[in-house]
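Coordinates in review
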Amino acid sequence: MEDSRLAVERHDWAALAEPYRIKVTERIRLPDRAEREALLAAADYLSIRIDAADVFIDLTTDSGTGAMSDNQWAALLRGDESYFGSRSYLRFEAVSREVTGYPHIIPTHQGRAAEKILTELLVRPGDIVLGNTHFDTTRGHILHRQGVPVDCVGDLVWDFSTPGDFKGNFDLKKLELALERHHTRVPFILITVVNNMACSAPVSMENIRGVKKLADQYGVMVLFDACRVAENAYFIQQREPEFADAAISDIVLEMFSYGDGCWVSAKKDANVNIGGFFALRDEVLATRAKELLVLHEGYPTYGGLAGRDLEAMAVGLHEAMDQEYLAHRIRQTAYLGKRIAEADVTVSMPTGGSGVFIDAASIYPHLSAEQLPAVAFAADMYLEGGIRIGGSLFTLKTIDVESGEIVERPFALSRLAIPRRTYTQGHLEYVANVVAEVKRKAPGNKGYRITYLPETMGHFFIRFAPLG
Ligand code: F0G
């Protein structure tokens, strides 16, 4: 489907005009350099510990940080706060059924609550869950159930510089090897769209069909982690010729048609500040899930949310499929990625959904991995421009295609996540210029060391100190 505006490669200025105008603003402040230095030191060089009021531009996450539309705000007033069977639930249920094609719709307060319930029902000790790349809460819930999350994403994902249209895909060879050896221990295959932990790269419809074929061969259920399904559908439309004329909503429906259910953090594509749900095809599983929901979240017609939240989610789910909105969002990410790459920084290419993913080692070639280049980059972004970014260093289990064995591989990335409808082109220019400035001054950075690492949830509570 041809977007009504011109392609970013041809005319940045046309494609990057925001397809909305601003009705409410929120003042942001850039503390001066001395303040920033003091604040970062007081936060032990972990910028998530800095108060949000002291951050100028916050690119830590695209989750729950988006700006709701006028229609979403208006919908809040329609919220029916009845404990049982509220009108708001019925409206939300109808929209979610229409979007997913699944009959059983169960709200939760956010994505991980759905993960908790489904892993509690489906994962037994020793089970292996095969995903393209599991998000860290998913990984955590599977481990909590004494299961083993195994990531079957293609090895190309480790190579930031080599382009690929669908680097979030399963390597079907890995999936087949894993199923051949372990299928009796595999409760479900999880397709994460877009593949957030793999630089938010999309998954193709062809790949989803391939996963479904293998799953059927071995009689294994397929679920989607679908918080950014609309972004993924946009990439399918733009990059798989078969879908060039298809509407986003139809692509989403076809994707879901290859699965048995999904869970959704509505804090991403559905653009609410809090909310989530899961949707299932199987009535027996849905009934058991609803029973657990009462324990963990609440009665199935509110699931840990207010009626008004359900209204905002229903509107947000429709808005997420809007062609013009999606085109702008994906181009914003592409534009920032292009500008950063121009500063001679290695960006995962092509850029994907939730933000721009960077190999921080390319900014600090003089630092070894032990001198923590990603920590240096996050610190420098705050020091230089009051910008907060995210990052991850994790070890995933994947399949060695030669031996078929499960092997461990580390993966490091820095993420400049872009909240939806929140920052303008002016902000993105600012961010790109700050990255260039950080890169220019990088040779002076002597790296960081860890001063404290707690056993659980280390990356939220870790502390650092500068070296040298
Ligand atoms: N699945 C994926 C792919 C996610 O990206 C997230 C959250 C979740 C599940 C969990 O949803 O936060 O509503 O409980 N990702 C955020 C991020 C936190 O920054 O990428 P949640």
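1. Considering the overall build of the protein chain
Across its full length, the protein chain carries 16 helices and 13 strands. Expected size for 468 residues packed as a compact globule is a radius of gyration near 23 Å; at 22 Å, the protein chain falls within 12% of this value. Seen through its C-alpha atoms, the protein chain measures out along the principal axes to roughly 60 × 55 × 45 Å. Residues classed as buried in the protein chain amount to 58% of the 468 residues present. In the protein chain, the proportion of contacts linking residues at least 24 apart, taken out of those at least 6 apart, comes to 72%. Accessible area of the protein chain: about 19300 Å², with a carbon and sulfur share of 54%. For the protein chain, the separation between the mean place of its 50 positive charges and that of its 63 negative charges on side chains is 3 Å.

2. As for the packing of aromatic side chains
Applying the stated rule across the entire model yields 15 aromatic pairs. In this structure, Arg421 packs its charged tip against the face of Tyr325, placed 5.7 Å from the ring centre.

3. Focus on the site of the ligand
Surrounding the ligand, one finds 17 residues, the nearest of these being Thr61, Arg112, Ser265, Lys268 and Arg415. The contact in question runs from an oxygen atom of the ligand to an N or O atom on the side chain of Arg112, over 2.6 Å. The separation between a nitrogen atom of the ligand and a polar side-chain atom of Lys268 is 3.0 Å. Out of a free accessible area of 470 Å², the ligand has 93% covered by protein chains. Ranked by the residues each element gives to the shell around the ligand, the list is headed by helix α5 (residues 111–122), at 3 residues.

4. A look at the side chain of Ser69
Tracing the backbone shows Ser69 in the loop between β1 (57–59) and α3 (70–76). Classification of Ser69 as buried rests on a relative accessible area of 11%. Residues in contact with Ser69, not counting those within four places in the same chain, are Glu319 and Arg421.

5. Details of empty space enclosed by the protein
With the rule as written, the count across this model stands at 2 cavities of 30 Å³ or more. Here the largest cavity defines a volume of roughly 70 Å³. In terms of lining, the largest cavity is formed by 13 residues, of which the most central are Ala226, Val229, Val264, Leu317 and Met321. Looking at the lining of the largest cavity, its residues break down into 11 nonpolar, 1 polar and 1 charged. In this model, the second largest cavity occupies a volume close to 30 Å³. In terms of lining residues, the second largest cavity is bounded by Asp269, Asn271, Gly316, Glu319, Ala320, Tyr325 and Arg421. Looking at the lining of the second largest cavity residue by residue, the class counts come to 2 nonpolar, 2 polar and 3 charged.

6. Points about the environment of Gly154
Topologically, Gly154 is positioned in the loop between β4 (148–151) and α7 (172–182). Put simply, Gly154 and Gly168 are 14 residues apart on the chain and 7.5 Å apart in space, counted from C-alpha to C-alpha. Each residue touching Gly154, except ones within four places of it in the same chain, is listed here: Asn169, Asp171 and Lys174.

7. Examining the side chain of Arg329
With respect to the element layout, Arg329 can be found in helix α13 (residues 323–342). Once you skip the residues sitting within four places of it in the chain, Arg329 turns out to touch Asp62, Glu231, Gly353, Ser354, Ile418, Pro419 and Arg420.

8. A closer look at the packing of helix α2 (residues 33–42) against helix α14 (residues 373–385)
At a minimum axis distance of 8 Å, the contact between α2 and α14 shows a crossing angle of 150 degrees. When the interaxial angle is binned, α2 and α14 end up roughly antiparallel. Across from Arg33, Arg36, Glu37, Leu39 and Leu40 in α2, the residues of α14 making contact are Ala379, Tyr382, Leu383, Glu384 and Gly385. Class assignment of the residues belonging to the contact of α2 with α14 gives a composition of 5 nonpolar, 1 polar and 4 charged.

9. Considerations on the layout of surface pockets
A volume near 1300 Å³ is recorded for the second largest pocket. Looking at the second largest pocket, it is lined by 35 residues, and the ones nearest its centre are Val24, Ala67, Met68, Arg421 and Thr422. Elements that contribute at least two residues to the lining of the second largest pocket include exactly α3 and α13. Within the lining of the second largest pocket, the residues separate by chemical class into 15 nonpolar, 9 polar and 11 charged.

Cut-off values and rules
- Residues numbered from 1 in each chain as written.
- Predicted model: local features only at pLDDT ≥ 70, side-chain atom pairs only at ≥ 80, totals over all residues.
- Heavy atoms only, no water.
- Helix = DSSP H or I, 4+ residues; strand = E, 2+ residues; numbered from the N terminus.
- Rg over C-alpha atoms; globule rule 2.2 N^0.38 Å.
- Buried < 20%, exposed > 50% of the residue type's maximum accessible area, 1.4 Å probe, protein only.
- Contact = heavy atoms within 4.5 Å.
- Areas by Shrake-Rupley, 256 points an atom, 1.4 Å probe, with all protein chains shown as cover.
- Lys, Arg positive; Asp, Glu negative; His and termini not counted.
- Charge placed at Lys NZ, Arg CZ, Asp CG, Glu CD.
- Phe/Tyr/Trp six-rings, centres within 6.5 Å; stacked < 30°, edge-to-face > 60°.
- Lys NZ or Arg CZ within 6 Å of the ring centre and 35° of its normal.
- Near = heavy atom within 4 Å.
- Polar contact = N/O pair within 3.5 Å; in protein donor to acceptor, adjacent residues only side chain to side chain.
- 1 Å grid on protein atoms, 1.4 Å probe; cavity = no way out; pocket = protein on both sides within 12 Å on 5 of 7 lines; lining within 4 Å.
- Points joined across faces, edges and corners; volume = space filled by probe spheres on them.
- Nonpolar A, V, L, I, M, F, W, Y, C, P; charged D, E, K, R; others polar.
- Axes fitted to C-alpha atoms, helices over the stretch in contact; angles between N-to-C directions.
- Parallel < 35°, antiparallel > 145°, perpendicular 65-115°, else oblique.

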